[in-house]
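# Inside the fold
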Amino acid sequence: MYRTHTCGELRSSDIGKQVTLAGWVQYIREKGAVSWIVLRDRYGVTQLVFEEGRSQASVLEQLKGIGRECVLQVKGAVVERYSKNSEQETGAIEILVDTLNLLNPSSTPPFTIEEETDGGEDIRMKYRYLDLRRPTLRRNLALRYQVNRAVRNYLDTQGFWDIETPFLIKSTPEGARDFVVPSRMNEGEFYALPQSPQTFKQLLMVSGYDRYYQIVKCFRDEDLRADRQPEFTQIDCEMAFVEQEDVLNTFEGLFKHVFKEVKGIELTDAFPRMTWDDAMWHYGNDKPDIRFGMKLQNLKVDGDYKFEQLKKVDFKLFSEAQSIIGIVAKDAAEWTRKQLDELTEWVKRPQIGMGGLVNLKCNKDGSFKSSVDKFFTPVQLQELASFCAASANDLVLFVAGNEALTRKAASELRLHLGNQLGLRQPNEYAPLWVVDFPLLEETEVEGHWAARHHPFTAPKPEHIALMDDKTQYKNIKANAYDIVLNGTEIGGGSIRIFQRDLQEKMFAALGMSKEEAQEKFGFLLGAFEYGAPPHGGIAFGFDRLCALLGGQETIRDFIAFPKNNSGRDVMLDAPSAIDALQKKELGL
Ligand code: ASP
């Protein structure tokens, strides 16, 4: 038997027991006649003690050959520690070792394997198997497993079946590029790796498996923005004979269950719902952080004055702008010139792209002061403040310009101010459903439309008629929904099209010819002819959900073997070239 206990297990109540432990040497410390080793495994750390007079000379001799990360097996008695460590679970005891067995030596690790490490990102990725020994990552993977289990338990109680779907498939459009795999047996032909199991889960509904889920890998060949992975995990779900309301309720239940199991937090209230239109209008984006207010004040939108009095103001920046949006920062009227200059620089950065920032201070004494005073009368300033619902001691900031850019900038500015004002507390959770997404969105190529969610999403029944008129495309709303937590989208789904003719109409709207639709999706169109039930579903980003529950920003630290920002596995050195024979066999 390699061990009687783990390194996280022994307590004062075990004092006097004879035990065997196995694990890795975290570090060794010597002080005069006494030496200590901290032994680590997945469960924790236990201190080992060696002392002249108390330990056998042969064991003390063995210590000389031992360094960090060696694998040891030790036998000895559990004894009370002189100086206890209340921060360690095993901190009241230590093991007085009488037998030491070096199971495997270790080279000196390239970075320290402790809570805080001295290793940079690259070196830790290269030696991921060592980085994974660190408690931080171990806790993250423990949490990931806990979330996984909670999800499975909940879905099991709701009658969902976990059904696997293939990885070598034909392309499933979810808005990204496919990863492709050449077929040796079918020279010149390729499989695609699934961007999600979307069409398969729909086919399972056609087959009658009316509650399906999978915690499954998805593959998307995208330019990797900061926190994306080319392969990532989704909790993928589908239900038949449901309406949007059923789906939202079921998965709100899942979310609440996971929060309770993993964080011990009871989210008792029903999650608020917000339409996509409202989210864009009030927050400037479709995943609003509703932990704080500071809604956008729409003074002019798409050339249309919402605050009529502005028409009379002769201020070019405003009169020429397509849109003007204000944001009220509470109690910030006394912000210094320097702070305001910094904010101006912030909105001018290329990522935000605004020409500048106009401010209006609502002083405590009832007077107003603005960076563009000379264009406004005192009464106009007051009216402006009151339109924005600003009170004494508030600061109002305005951005102006092209509608899309300005709305995005205002949304970013709102979050930035929220951070500065301490309004985005990490331990406060504000989930939200965003509903009624547009079905289609115009691409960069004018007159070309893409599916906002994916091509299988159903338009609202009352909007189906609009599909016959291209000028109405922008007004078609879908039964599509996203779940958002603290400004991050963590899941999304829709009610699906389940009739062949409507699906064909949708493909046509996306610019696909009948032949192309048949060639790409003939299997699905065919299936819809054999009694497809009404159905709908959702998928959650599992990695992101774990990161959020772990209170961290990056998903990478919640994935055992992630890729770096250029999509490389630096440990494996993949992707890599393949040899000539392999290429030849694949017909490449
Ligand atoms: N397949 C979709 C996605 O990956 C989710 C869904 O519609 O269920 O975003």
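Everything here concerns the structure above.
A brief report on the enclosed structure follows.

### Quick notes on the environment of Leu103
- Checked against the element boundaries, Leu103 lands in strand E5 (residues 93-104).
- In sequence terms Leu103 and Tyr481 are 378 residues apart; their C-alpha atoms lie 55 Å from each other.
- Among residues more than four places away in sequence, those in contact with Leu103 are Tyr2, Val71, Leu72 and Gln73.

### Focus on the sheet that holds strand E22 (residues 488-495)
- Taken in spatial order, the eight strands of this open sheet run E6-E9-E10-E23-E22-E21-E18-E11, and their pairing is mixed. Each edge of the open sheet is held by one strand with a lone partner, namely strand E6 (161-162) and strand E11 (273-275).
- Where strand E10 (residues 231-240) lies against strand E23 (residues 535-541), seven bridges are found, and the strand directions are antiparallel. Of the residues in E23, the one forming a bridge with Asp236 is Ala539.
- In this fold helix H4 (residues 135-157) packs onto E6, strand E9 (211-219) and E10, with an angle of close to 150° to the strand it touches most, E9.

### Remarks on the side chain of Glu252
- Positionally, Glu252 belongs in helix H6 (residues 244-263).
- Looking at Glu252, the relative accessible area reads 6%, which means it is buried.
- Side chain to side chain, Glu252 and Trp433 meet in a polar contact 2.9 Å long.
- When sequence neighbours within four positions are dropped, the list of residues in contact with Glu252 reads Asp269, Ala270, Phe271 and Trp433.

### Concerning the packing of aromatic side chains
- This model, assessed by the stated rule, comprises 20 aromatic pairs.
- An angle of 25° between the planes, with centres 4.6 Å apart, marks the rings of Phe315 and Phe375 as stacked. Remark: Phe375 occurs in the loop between strand E16 (368-370) and helix H10 (378-387) and Phe315 occurs in the loop between strand E13 (304-305) and helix H8 (316-319); sequence separation between them is 60 residues.
- Residue class for Phe315 comes out buried when judged on its relative accessible area of 8%.
- Measuring from centroid to centroid gives 5.5 Å for Trp449 and Tyr473, while their planes differ by 85°, and the two rings are edge-to-face. Taken together, the residues span a long stretch of sequence, with Trp449 in strand E20 (residues 449-451) and Tyr473 in the loop between E20 and strand E21 (480-485) at a distance of 24 residues. We note that Trp449, like Tyr473, is buried.
- Here a set of aromatic residues connected by ring pairs shows up, and it is made of Phe315, Phe318, Phe375, Phe376 and Phe398.
- In this structure, Arg414 packs its charged tip against the face of Phe292, placed 4.0 Å from the ring centre.

### Things to note about the side chain of Asp569
- By the secondary structure assignment, Asp569 is in the loop between helix H14 (542-549) and helix H15 (580-585).
- Although buried, Asp569 forms no salt bridge, and the nearest oppositely charged side chain, Lys563, lies 4.6 Å from it.
- Looking at Asp569, its side chain comes within polar contact range of the main-chain nitrogen of Leu572, at 2.9 Å.
- Leaving out residues up to four positions away in the same chain, Asp569 has contacts with Lys563 and Ala574.

### Topic: the environment of Val372
- In this structure, Val372 sits in the loop between E16 and H10.
- Residue classification places Val372 among the buried residues on the basis of a relative accessible area of 10%.
- Each C-alpha atom, one on Val372 and one on Leu48, is 71 Å from the other, the two residues being 324 residues apart in sequence.
- Those residues within four positions of Val372 in sequence are excluded, and the remaining contacts are Phe315 and Val358.

### Overview of the packing of H4 against H14
- Packing of H4 against H14 leaves a shortest axis separation of 10 Å and a crossing angle of 115°. Here the hand of the crossing between H4 and H14 comes out right-handed. In this structure, H4 contributes Leu143, Arg144, Val147 and Asn148 to the contact, and H14 contributes Phe542, Asp543, Leu545, Cys546 and Leu549.

### What to know about the nonpolar core
- The biggest cluster of nonpolar side chains holds 65 residues, and the ones touching the most others in it are Val147, Leu155, Ile235, Phe251, Phe255, Trp433 and Leu440.
- Setting aside chain neighbours within four positions, we find Phe255 in contact with Leu267, Phe271, Pro431, Ile483, Leu485, Ile490, Phe540 and Leu545.

### Section: the pairing of strand E17 (residues 395-401)
- Burial analysis of E17 places seven of its seven residues in the buried class, the great majority of the element.
- Going residue by residue along E17, you find Leu395, Leu397, Val399 and Gly401 tucked away on one face and Val396, Phe398 and Ala400 tucked away on the opposite face as well.
- With seven bridges joining them, strand E14 (residues 323-329) and E17 adopt antiparallel strand pairing. Looking at the pairing, Ile327 lines up with Leu397 of E17.
- Where strand E15 (residues 358-362) and E17 come together, four bridges link them in antiparallel fashion. Paired with Val358 across the two strands is Phe398, which belongs to E17.

### Concerning H10
- Turning to H10, its buried residues are Gln380, Leu381, Leu384 and Ala385. Here the buried residues of H10 occupy an arc of 140° about the axis, which is enough to place them on one side. More than 90 degrees from the buried face of H10, the exposed residues found are Pro378 and Ser386.
- In this fold, the buried residues of H10 make contact with strand E12 (297-301), E15, E16 and E17.

### Side note on the site of the ligand
- Taken together, 14 residues sit near the ligand, with Glu174, Gln198, Lys201, His453 and Arg496 positioned nearest.
- A distance of 2.8 Å is found between an oxygen atom of the ligand and a side-chain nitrogen or oxygen belonging to His453.
- Arg496 is positioned with one of its side-chain polar atoms (N or O) 2.7 Å from an oxygen atom of the ligand.
- Against a free-state accessible area of 270 Å², the protein chains account for coverage of 92% of the ligand.
- For the shell around the ligand, the element with the most residues is E23, which contributes three residues.
- Taken together, the residues of the shell around the ligand break down into two nonpolar, eight polar and four charged.

Cut-offs and rules
- Along each chain, numbering runs from 1 in the same order as the chain's sequence is written.
- Restriction of local features to residues with pLDDT of at least 70 applies here, the model being predicted, together with a cutoff of 80 or more for giving and counting side-chain atom pairs; totals for whole chains, interfaces and linings are based on all residues.
- Neither water nor hydrogens contribute to the side-chain values; these are computed over all heavy atoms in the structure.
- Helix and strand definitions follow DSSP, with helices as H or I runs of at least four residues and strands as E runs of at least two, each counted in order from the N terminus.
- Working rule for contacts: check all heavy atoms of both residues, and any pair within 4.5 Å makes them a contact.
- At least two bridges found by DSSP between two strands is the condition for calling them paired.
- Working convention: axes come from line fits to C-alpha atoms, limited for helices to the stretch in contact. Angles between N-to-C directions cover 0 to 180 degrees.
- Three exposure classes are used, based on accessible area relative to the maximum for each residue type with a 1.4 Å probe and protein chains only: buried under 20%, partly exposed in between, and exposed over 50%.
- Between N or O atoms, a polar contact is any pair within 3.5 Å; within protein, one atom must be a potential hydrogen donor and the other a potential acceptor, and residues adjacent in sequence are included only when both atoms are from side chains.
- Any two rings among Phe, Tyr and Trp, with Trp reduced to its six-membered ring, count as a pair given centres within 6.5 Å; such a pair is stacked if its planes are under 30 degrees apart, edge-to-face if over 60, and tilted if neither.
- Put simply, a charge is over a ring when the Lys NZ or the Arg CZ is close to the ring centre, within 6 Å, and near the line of the ring normal, within 35 degrees.
- For the purpose of charge, His is not counted, nor are the chain termini; Lys and Arg are scored as positive and Asp and Glu as negative.
- Here, a salt bridge means any Lys or Arg side-chain nitrogen found within 4 Å of an Asp or Glu carboxyl oxygen.
- Handedness of a crossing is defined here by the sense of rotation of the near helix relative to the far one, left-handed for an anticlockwise turn of less than a right angle and right-handed for a clockwise turn.
- In plain words, nonpolar cores are sets of buried Ala, Val, Leu, Ile, Met, Phe, Trp, Tyr and Cys residues tied together by side-chain atoms within 4.5 Å.
- Relevant arc is that of directions from the helix axis to the C-beta atoms, nothing else.
- We call a residue near a molecule or strand when any one of its heavy atoms sits within 4 Å of it.
- Under the convention used here, a 1.4 Å probe and the Shrake-Rupley method define accessible areas, while residue burial counts only the protein chains that appear.
- The classification used treats Ala, Val, Leu, Ile, Met, Phe, Trp, Tyr, Cys and Pro as nonpolar, Asp, Glu, Lys and Arg as charged, and all other residues, Gly among them, as polar.

Limitation: the analysis is restricted to geometry and does not speak to function.
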